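One letter stands for each residue in the lines below.
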Amino acid sequence: MARIHQMTIPEFELAFVTDEDCADYLIAHRWPHGVIVCPRCGETEKVFSVKTMAYKWQCYSCAPDSGYRFSVIAGTIFENTNKGLREWFHVIHMMLTSKKGVSALQVQRVMGFGSYRTAWYMCHRVRAGLADENFRKLMGIVEIDETYVGGSWKNKHVSVRRQAHKGGRGTPGKTMIVAAVERGGSVVALVLDKATTEALGAFVREAVSDHVSLICTDQYPGYNALAGRYIHRSVDHSKGQYVVGAIHTQTIEGFWSLVKRGVVGTFHKVSAKYLPLYVAEFQFRYNNQNNDNIFGAAISAC
Ligand SMILES: [Zn+2]
């Protein structure tokens, strides 16, 4: 695997001395072609900078008379907070440079924030920003697998999972995450409220291209319905079968181990309510592991 480039702390300190440095960086990543887009109407034609105020623009497309005034942070997660951009950037940098993620408590300590709540809120806002709703559908060989969070981790015994599946609601107290990964490509992960065959099918249709060459899963019966639509092969873990030629789920296991170490090791207890946000963070980190500009990608997503 290629070397992962992450901005070091000295590089960060050099690049972002002031909030203005951060604002310039945000502009460069938000509007990379130099064309300012109005965050309210999406127009670019009648947007002018406000001469007397730095980092402020006015759009006369959506407000022909008065002009709609907006700042560089309008429509971003940095809006309406009492933290400066430099503090936000610091938090994002911390979150991205740690492979397993950082807890809000660590953020509070390192950043010297007075309240835990502030740190917690910032981390969650960043996670919401990193959620990728416009992903490209997965192609090639795709592995699909599911895991349960809360209580004990993925149960190796198919019978127990079958039981959970039959109930249609998952194991009590546990939440199902389903993920699909393209070999050599991206992962798409989703928290499912109901672990039904229908919900799994809907996820797969959403995440995976119809032109995929092969879908690999284990023997979980929830995937049986894939057969009609895709070329689907499975390995039977209950029979000790893990790799049969190209048919395996090793890639997705790698993603689960990252999620597992993060959620169990770093975040300890993650409530089902916020699990989708943590999943978004792990998905982003996985999908940008070879991205030389992961920090810039995060900033433009936020
Ligand atoms: Zn506008």
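**What about the sheet that holds strand E6 (residues 187-192)?**
Thinking step 1. As summarised here, the arrangement of the 5 strands in space is E6-E5-E4-E7-E8, forming an open sheet in which the pairing is mixed. Each edge of the open sheet carries a strand with a single partner, namely E6 and strand E8 (232-235). Taken over all neighbouring pairs, the strand axes of this sheet differ in orientation by 25° on average, direction set aside.
Thinking step 2. Note: strand E5 (residues 175-182) against E6, 6 bridges, orientation antiparallel. Bridge pairing in E6 links Ala179 to Ala189.
Thinking step 3. Helix H7 (residues 197-207) rests against strand E4 (141-149), E5 and E6 of the sheet, and its axis sits at about 30° to E5.

**Some points on the sheet that holds strand E2 (residues 56-59)**
Thinking step 1. Taken in spatial order, the 3 strands make up an open sheet running E1-E2-E3, and their pairing is antiparallel. A single partner strand is all that each edge strand has here, and the edge strands are strand E1 (47-49) and strand E3 (68-71). Pairwise comparison of adjacent strand axes, ignoring direction, gives a mean angle of 30° for this sheet.
Thinking step 2. When E2 meets E3, the two strands line up antiparallel, connected through 4 bridges.

**Things to note about the environment of Phe48**
Thinking step 1. By the element assignment, Phe48 lies in strand E1.
Thinking step 2. As a C-alpha pair, Phe48 and Gln58 span 10 residues in sequence and 5.3 Å in three-dimensional space.

**With respect to the domain arrangement of the chain**
Thinking step 1. What the domain assignment lists for the chain is domain 1 (9-130 + 294-301) and domain 2 (141-270).
Thinking step 2. For domain 1 and domain 2, the distance between their C-alpha centroids amounts to 35 Å.
Thinking step 3. In this complex, domain 1 contributes 4 residues to the contact, which on the side of domain 2 involves 5 residues.
Thinking step 4. The residue makeup of the side of domain 1 that touches domain 2, split by class, is 1 nonpolar, 2 polar and 1 charged.

Definitions and limits used
- Residues numbered from 1 in each chain as written.
- Predicted model: local features only at pLDDT ≥ 70, side-chain atom pairs only at ≥ 80, totals over all residues.
- Pairing = 2+ DSSP bridges.
- Helix = DSSP H or I, 4+ residues; strand = E, 2+ residues; numbered from the N terminus.
- Axes fitted to C-alpha atoms, helices over the stretch in contact; angles between N-to-C directions.
- Contact = placed C-beta atoms within 7 Å.
- Domains from an automatic or database assignment.
- Nonpolar A, V, L, I, M, F, W, Y, C, P; charged D, E, K, R; others polar.

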